[in-house]
Amino acid sequence: MHPAFQLLLCFLLFMLIHISVMALCARAFGITLRQISYGVGPTLLSLGKVHVKLLPLAGNVVLKDTREETLYDDDPCLDAYNFQPLWKQLVLPLSGVAVLLALSLSIMGASGWERFVAAFGQIIHGALAPLSTAQELLGEGETFARTHGFALVFALFSLKLCAFNLLPFAGLNGGQALLALARGGKPYAAWEESATKWLLLPGLAILLAWVVAFGWYAWKAMAA
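Trainee: I'm lost on the overall build of the protein in this one. Help?
Mentor: Of the regular secondary structure elements, the protein holds seven helices and two strands. Helices and strands appear in the protein in the N-to-C order α-β-β-α-α-α-α-α-α. Here the protein has a C-alpha radius of gyration of 19 Å; the compact-globule value for 224 residues is 17 Å, and the two agree. Principal axes of the C-alpha set define a box for the protein whose edges measure 65 × 35 × 35 Å.

Below you can see the structure in the form of structure tokens.
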């Protein structure tokens, strides 16, 4: 299987598991689901609250949350995410990553944990040098994909994405858990909106750097 096709399948499978687990976790906790999106961009298919979008690069679960919507005064908000106990506000955003991490480690075995821990440094170092360090890391990933079966390729890919999602930046699962912890389980905090904006910038910068790295790597591959 061509590495580019494997990469696409890995994205699809990771997104499907990640978003589905969080949605199921919300249902199990009694939290109202507003929308479940698989992918980003224009909507291709809508089935009730489930939306399938054009680009399989991400997704999200929209929950009932008084910070995002205005509710009736007599609504007790027992089914709102931000009114849940602290442990639920921590477990829910981390549930998808936890399942994928456990699955990937079970596939990859003893070396999986070392690769997962190393991924945090690789993500940062690659983002700081998208045209050099990131190119070396992408080359190693392509070599791995060409010499191993899909299960191992998915496990390695998943471990790297799990590490990325656990970074403490807004918009990522790690950032959501960090903000919930900083609120101490309270429904909202006056400082949270400004903190979220500042915590969003590093995550976007890292993501943009890796988009550049992927683009440069693909361009070199086509020009070769």
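Trainee: I'm lost on the pattern of salt bridges in this one. Help?
Mentor: Note that side chains of opposite charge can pair when their charged atoms are close. Enumeration according to the criterion identifies seven salt bridges in this entry. A salt bridge links Asp-79 to Lys-64, with the nearest nitrogen and oxygen atoms 2.7 Å apart. Pair noted here: Asp-79 is in the loop between strand E2 (50-63) and helix H2 (86-108) and Lys-64 is in the loop between E2 and H2, with a separation of 15 residues, a long-range link. Its relative accessible area of 6% is what places Lys-64 among the buried residues. The residue Asp-65 makes a salt bridge to Arg-67 at a minimum N-O spacing of 2.6 Å.

Trainee: Mind showing me how you'd approach the packing of aromatic side chains here?
Mentor: Given two aromatic rings, their pairing is described by the distance between the two centres and the angle made by the two planes. Per the stated rule, a full pass over the model turns up seven aromatic pairs. Between Phe-150 and Phe-154, the aromatic rings sit 6.4 Å apart at their centres with planes inclined by 25°, giving stacked as the arrangement. Of this pair, Phe-150 and Phe-154 both sit in helix H5 (residues 150-165), four residues apart, which is roughly one turn of that helix. The partly exposed category is assigned to Phe-150, whose relative accessible area is 27%. Here the aromatic rings of Trp-210 and Phe-214 are separated by 6.3 Å at their centres, their planes lie at 50°, and the arrangement is tilted. With Trp-210 and Phe-214 both in helix H7 (residues 192-223), this residue pair falls four residues apart, about one helical turn.

Trainee: Quick question: what am I supposed to make of H5 here?
Mentor: Owing to its 3.6 residues per turn, the α-helix aligns residues three or four sequence positions apart on the same side. Taking 1.5 Å of rise per residue, the 16 residues of H5 would be expected to cover 22 Å, and the 22 Å separating its terminal C-alpha atoms lies within 8% of that figure. For H5, a buried count of 12 out of 16 residues is recorded, marking the element as mostly surrounded by other parts of the structure. Taken as a whole, H5 has its buried residues at Val-153, Phe-154, Ala-155, Leu-156, Phe-157, Ser-158, Leu-159, Leu-161, Cys-162, Ala-163, Phe-164 and Asn-165. Check the buried side of H5 and you find it contacts helix H1 (3-28), H2, helix H3 (110-128), helix H4 (133-147), helix H6 (173-183) and H7.

Trainee: Help me understand the side chain of Arg-183 in this model?
Mentor: One can find Arg-183 in helix H6. For Arg-183, a relative accessible area of 5% gives the class buried. Side chain to side chain, Arg-183 and Gln-89 meet in a polar contact 2.4 Å long. Look past the residues within four positions of Arg-183 in its chain and what remains in contact with it is Arg-67, Gln-89, Tyr-188, Ala-189, Trp-191 and Glu-192.

Trainee: Quick question: what am I supposed to make of the side chain of Lys-88 here?
Mentor: Mapped onto the elements of the fold, Lys-88 is located in helix H2. Of the side chains with opposite charge, Asp-79 lies nearest to the buried Lys-88, which makes no salt bridge, at 11 Å. The residues touching Lys-88, leaving out its near neighbours within four places in the chain, are Phe-29, Tyr-81 and Pro-93.

Trainee: Would you mind going over the environment of Pro-85 with me for this structure?
Mentor: Turning to its location among the elements, Pro-85 is positioned in the loop between E2 and H2. Separated by 44 residues in the primary sequence, Pro-85 and Gly-41 have C-alpha atoms spaced 33 Å apart.

Trainee: So what exactly am I meant to see when it comes to the packing of H2 against H6 here?
Mentor: Helix-helix packing is described using two parameters, namely the angle between the two axes and the distance between the axes. Two elements in contact, H2 and H6, have axes whose closest approach is 9 Å; the angle formed by their N-to-C orientations is 175°. Between H2 and H6, the interaxial angle falls into the category roughly antiparallel. Where H2 abuts H6, its residues Leu-86, Gln-89, Leu-90, Pro-93, Leu-94 and Val-97 lie against Asn-173, Gln-176, Ala-177, Ala-180, Leu-181 and Arg-183. Looking at the contact of H2 with H6, its residues break down into eight nonpolar, three polar and one charged.

About the criteria used
- Residues numbered from 1 in each chain as written.
- Predicted model: local features only at pLDDT ≥ 70, side-chain atom pairs only at ≥ 80, totals over all residues.
- Heavy atoms only, no water.
- Helix = DSSP H or I, 4+ residues; strand = E, 2+ residues; numbered from the N terminus.
- Rg over C-alpha atoms; globule rule 2.2 N^0.38 Å.
- Salt bridge = Lys/Arg side-chain N within 4 Å of Asp/Glu carboxyl O.
- Buried < 20%, exposed > 50% of the residue type's maximum accessible area, 1.4 Å probe, protein only.
- Phe/Tyr/Trp six-rings, centres within 6.5 Å; stacked < 30°, edge-to-face > 60°.
- Expected span 1.5 Å × (residues − 1).
- Contact = heavy atoms within 4.5 Å.
- Polar contact = N/O pair within 3.5 Å; in protein donor to acceptor, adjacent residues only side chain to side chain.
- Lys, Arg positive; Asp, Glu negative; His and termini not counted.
- Axes fitted to C-alpha atoms, helices over the stretch in contact; angles between N-to-C directions.
- Parallel < 35°, antiparallel > 145°, perpendicular 65-115°, else oblique.
- Nonpolar A, V, L, I, M, F, W, Y, C, P; charged D, E, K, R; others polar.

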